[in-house]
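Spelled out, the chains give:
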Amino acid sequence: MEALINKNVTVLNHPLIKHNLSIIRDKNSDTEKFKNALKRITYALMYEATSSLPTQKITVETPLMETTCEVFDKEAQYIIAPILRAGLIFCEIAQELLPFANVHHIGMYRDEKTLEPVWYYDKRKEIKKDKSKVFVLILDPMLATGNSAVDCIKNFISKGVLEENIIFMSLISSPEGIEKVTSNFKNVKIITSALDEKLNSKGYILPGLGDAGDRIFNTVD
Ligand code: URA
């Protein structure tokens, strides 16, 4: 399903994703259509984003015999980190698939002039567990300038999370955003469903889908 750009960047490449992306990109798709198409892609992104998470073996009794199965490592901590507000669109499905994960909301918005992130909410604490067992999945549908992504990743690292245990999941990414994240962090994984052409002067992805938050929450003027 996936096309690997380099060892840490995966762009999903599948007819179901392309089909649903065409609905999402269409400015005439209403909020309901937009959200439903985005949810369908979220499942695919989540399968890829969780593919390297650790598992452990357990014994299960089927109605016929005992067998060995694999489950997510019970000793590990899994953190889902949606960047508000657009990242919330991924959160429900991420929680459905990882019901034992902690959800740490990241409140930041983009200063329209500098395009730099402005933080307004961060309740995360220092990591106390064995660091090798803490995994963070950052959720943001648009990897545009990469400024918020880099800030958010730096913040998790400053709290004790290992770079190689951080996964950034986006719907659409720009080449500039990918370059920004991969040049700052050699070990963070990026999973995305589209790599678009470029950014415009306002930091929007082209062709993109417009403002993700506005389209998700129906606040388009
Ligand atoms: N954020 C968005 O919502 N859309 C873009 O194109 C870039 C950043």
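This text gives an overview of the structure that appears in the document. What you see is a predicted model, and the numbers here were worked out from it, not measured in a lab.

Position of K159 relative to the elements: it lies in the loop between α4 (147-158) and β11 (166-170). Contact partners of K159, with chain neighbours within four places excluded, come to D122, R124, K125, E126 and I127.

Bringing the site of the ligand into the picture now. The immediate surroundings of the ligand are formed by R110, M142, A144, G203, Y204, I205, G210, D211 and A212. Contact distances for the ligand include 2.8 Å between an oxygen atom and a backbone N or O atom of I205. A212 has a polar backbone atom sitting 2.7 Å from an oxygen atom of the ligand. Burial of the ligand by the protein amounts to 88% of the accessible area it has alone, namely 240 Å². Each residue belonging to the shell around the ligand can be placed in one class, and the counts come to 5 nonpolar, 2 polar and 2 charged.

The next subject is unusual backbone geometry. Between L84 and the following residue, R85, the backbone shows a cis peptide bond with an omega angle of 0 degrees. P207 follows L206 through a cis peptide bond whose omega is -5 degrees. Positioned with a positive phi, L115 is a non-glycine residue whose angle comes to about 65 degrees. Relative to the assigned elements, L115 resides in the loop between β7 (106-110) and β8 (117-122).

On to the pairing of β8, then. In this sheet, β8 lies alongside β7 in antiparallel orientation, the contact comprising 5 bridges. Of the residues in β8, the one forming a bridge with R110 is P117. Connecting β7 to the antiparallel partner β8 that follows it, the hairpin turn spans 6 residues, and L115 within it adopts a positive phi of roughly 65 degrees.

Ranked by internal contacts, the top residues of the largest apolar core, which has 41 residues, are I24, F90, M169, L171, I172 and L209. Elements with a minimum of two residues in this core: α1 (15-25), α2 (31-49), β5 (77-84), α3 (88-97), β9 (134-139), β11 and α6 (212-217). Ranked by residues supplied to this core, first place goes to α2 with 8 residues. The next biggest cluster of nonpolar side chains, apart from the first, holds 24 residues, and it includes V9, I79, M108 and V181.

Moving on to the environment of D111. Among the secondary structure elements, D111 is positioned in the loop between β7 and β8. For D111, a relative accessible area of 27% corresponds to the partly exposed category. When the C-alpha atoms of D111 and S201 are compared, they prove to be 14 Å apart, with 90 residues separating the residues in sequence. Non-local contacts of D111, meaning those with residues more than four positions away in its chain, are made with E116 and V118. For D111, the side chain forms a polar contact with the main-chain nitrogen of T114, separated by 3.0 Å.

Here the focus is the state of the cysteines. Using the criterion set out here, one finds 0 disulfides in the structure. Cysteine C91 remains unbridged, with the sulfur of C152 as its closest cysteine sulfur at 13 Å. Judged by relative accessible area, which is 6%, C91 ranks as buried.

So, on to the pattern of salt bridges. Applying the stated criterion across every chain yields a total of 4 salt bridges. D196 serves as the salt-bridge partner of R25, at 2.8 Å between the closest nitrogen and oxygen. Here the residue R25 occupies a position in helix α1, and D196 occupies one in the loop between β13 (189-192) and β14 (198-199), the gap between them amounting to 171 residues. Between D214 and R85 there is a salt bridge, and its shortest N-O distance comes to 2.7 Å. Separated by 129 residues along the polypeptide, D214 in helix α6 and R85 in the loop between β5 and α3 bring together distant segments of the chain. Given a relative accessible area of 22%, D214 falls into the partly exposed group. Overall, R85 belongs to the partly exposed group, its relative accessible area being 35%.

What counts as what
Residues numbered from 1 in each chain as written. Predicted model: local features only at pLDDT ≥ 70, side-chain atom pairs only at ≥ 80, totals over all residues. Heavy atoms only, no water. Helix = DSSP H or I, 4+ residues; strand = E, 2+ residues; numbered from the N terminus. Contact = heavy atoms within 4.5 Å. Near = heavy atom within 4 Å. Polar contact = N/O pair within 3.5 Å; in protein donor to acceptor, adjacent residues only side chain to side chain. Areas by Shrake-Rupley, 256 points an atom, 1.4 Å probe, with all protein chains shown as cover. Nonpolar A, V, L, I, M, F, W, Y, C, P; charged D, E, K, R; others polar. Pairing = 2+ DSSP bridges. Core = buried A, V, L, I, M, F, W, Y, C linked by side-chain atoms within 4.5 Å. Buried < 20%, exposed > 50% of the residue type's maximum accessible area, 1.4 Å probe, protein only. Disulfide = S-S within 2.5 Å. Salt bridge = Lys/Arg side-chain N within 4 Å of Asp/Glu carboxyl O.

Treat this as a map of the structure, not an account of what it does.
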